[in-house]
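Observations on the model geometry
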Amino acid sequence: MTLSQRYRFEDFTPRVHAVVLSCLALGILVLAMLFIHYREVNVWESMVAGKALLNPSYAERIYESSVFRTRANTWSNYGFVAVGAYALALAWLDSKRKHDARAGYIVQNPIYGALFGIGCIYLGIGSGFFHASLTRWGQQLDVASMYASLTALIVMNLERNLPKLPGPKWCTQVFWVACILAASVYFYIFKWEMSSKTILTTLHFTMVFFCVADLFRRKSHFHKIWAPLSLAVIVFAVYIRQLGVDGKFSGPDTVFQAHAIWHLMCAASLACIFLYYRSEHIVLDRTNAAR
């Protein structure tokens, strides 16, 4: 089995690439027009200012009287949107085609690929809005959206490892999807009562736990390089981000801001863990293979 077949990329035709990239280009065009029109307009004046505006911790220069108060940190969130768009496209393709019994869990259950994609887009919008506005509500949306994509993958692992609910398959999936939505609402409402650092650390360690458990899964093979690569990228991203906070990375007007690179590397880390799950190959026993 080739890598292309393993990741199911053979169905990801040039036409699909054209649709996804066209949608992404349209989004960039809309944002560019918005920025040009409101470049020197303080559209956020009526909203409560966030800590990032009152007591800045990012190195990038703040343009308080602009629709994008920080520019590199705002635009870089489009990386999350790009990852989410492709995840949604793959999930849509998975739902339309007949897959064989060797397909991985996320391929056989495209609802989780779709929820992961939606979570990435939610993160791109939430974080982008925060860095554009530097408002308190923006910060709440930013932090709450950080958890969505990882929550979708964690719930997928819970479904695959825990007993199924009685009845049709969709009953179990409805239950777990409801859990994802409930968790997202909870994280949004109680953002200010929780430590984002603690929650993100817990979510990442939970993902590491499931990836380690996969090493002992006899009936599933993964292209394992993607999991440690995802972890390595996020660890390096944290290092870069801290350099920016300490003022050791770049000046205020540099295009390559540490926090912007943090966004892009986090998006790359999410892409890696998504590819890890798409690389799953179910090993059939001889009895099932003969059927």
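Provided above is the structure to which this section pertains.
Values in this document were obtained by computation on a predicted structure and should not be read as measured data. (Residues numbered from 1 in each chain as written. Predicted model: local features only at pLDDT ≥ 70, side-chain atom pairs only at ≥ 80, totals over all residues. Heavy atoms only, no water.)

1. Concerning the pattern of salt bridges
A side chain with one charge can pair with a side chain of the opposite charge if their charged atoms come near. One pass over the structure, following the stated rule, counts 5 salt bridges. Its salt-bridge partner being Asp253, residue Arg61 comes within 2.7 Å of it at the nearest N-O pair. On the criterion of sequence distance, the pair formed by Arg61 in the loop between helix H3 (51-54) and helix H4 (72-75) and Asp253 in the loop between helix H12 (226-245) and helix H13 (258-278) is long-range, its members being 192 residues apart. For Arg61, a relative accessible area of 37% corresponds to the partly exposed category. Of the charged contacts, one joins Asp94 and Arg97 as a salt bridge, the two residues approaching to 2.5 Å between their closest N and O atoms. One continuous salt-bridge network, built from bridges that share partners, spans Asp94, Arg97 and Arg278. (Salt bridge = Lys/Arg side-chain N within 4 Å of Asp/Glu carboxyl O. Helix = DSSP H or I, 4+ residues; strand = E, 2+ residues; numbered from the N terminus. Buried < 20%, exposed > 50% of the residue type's maximum accessible area, 1.4 Å probe, protein only.)

2. Let's talk about the side chain of Ser269
Its location among the elements puts Ser269 in helix H13. Judged by its relative accessible area of 6%, Ser269 is buried. Non-local contacts of Ser269, meaning those with residues more than four positions away in its chain, are made with Ser230, Val233 and Ile234. (Contact = heavy atoms within 4.5 Å.)

3. Some words on the state of the cysteines
Overall, the coordinates contain 0 disulfides when judged by the stated rule. In this model Cys23 remains outside any disulfide bridge; the closest cysteine sulfur is found in Cys120, 16 Å from its own. Here Cys23 falls in the exposed class, since its relative accessible area comes to 52%. (Disulfide = S-S within 2.5 Å.)

4. Points about helix H8 (residues 136-145)
In terms of residue burial, H8 counts as a mostly covered element, since 8 of its 10 residues are buried. Buried residues of H8: Gly138, Gln139, Gln140, Leu141, Asp142, Val143, Ala144 and Ser145, and no others. On the buried face of H8, the contacting elements are H3, helix H7 (110-133), helix H9 (148-161), helix H10 (169-189) and helix H11 (196-214).

5. Examining a nonpolar patch on the surface
On the surface, Val208, Val212, Leu215, Phe216, Leu231 and Val235 cluster together into a nonpolar patch covering about 560 Å² of accessible area. Elements with a minimum of two residues in the nonpolar patch: H11 and H12. Here Phe216 lies in the loop between H11 and strand E1 (220-221). What makes Phe216 exposed here is its relative accessible area of 68%. (Patch = residues over 30% accessible without salt bridge, like charges linked within 9 Å, V, L, I, M, F, W, Y side chains within 5 Å. Areas by Shrake-Rupley, 256 points an atom, 1.4 Å probe, with all protein chains shown as cover.)

6. Some points on the packing of H9 against H11
One way to put it is that H9 packs onto H11 with a least axis distance of 10 Å and a crossing angle of 40°. Here H9 lies oblique to H11, going by the angle between them. When you trace H9 past H11, the crossing you get is left-handed. Contacts between H9 and H11 involve Leu150, Thr151, Leu153, Ile154, Asn157, Leu158 and Asn161 from the former and Leu203, His204, Thr206, Met207 and Phe210 from the latter. Each residue belonging to the contact of H9 with H11 can be placed in one class, and the counts come to 7 nonpolar, 5 polar and no charged. (Axes fitted to C-alpha atoms, helices over the stretch in contact; angles between N-to-C directions. Parallel < 35°, antiparallel > 145°, perpendicular 65-115°, else oblique. Left-handed = near helix turned anticlockwise from the far one by under 90°. Nonpolar A, V, L, I, M, F, W, Y, C, P; charged D, E, K, R; others polar.)

7. Concerning the environment of Ala101
Relative to the helices and strands, Ala101 resides in the loop between helix H5 (78-96) and helix H6 (105-108). Given a relative accessible area of 47%, Ala101 falls into the partly exposed group. For the pair Ala101 and Leu284, spaced 183 residues apart in sequence, the C-alpha to C-alpha distance is 7.8 Å. Residue contacts for Ala101: discarding those within four places in its chain leaves Gln108, Ile282 and Leu284.

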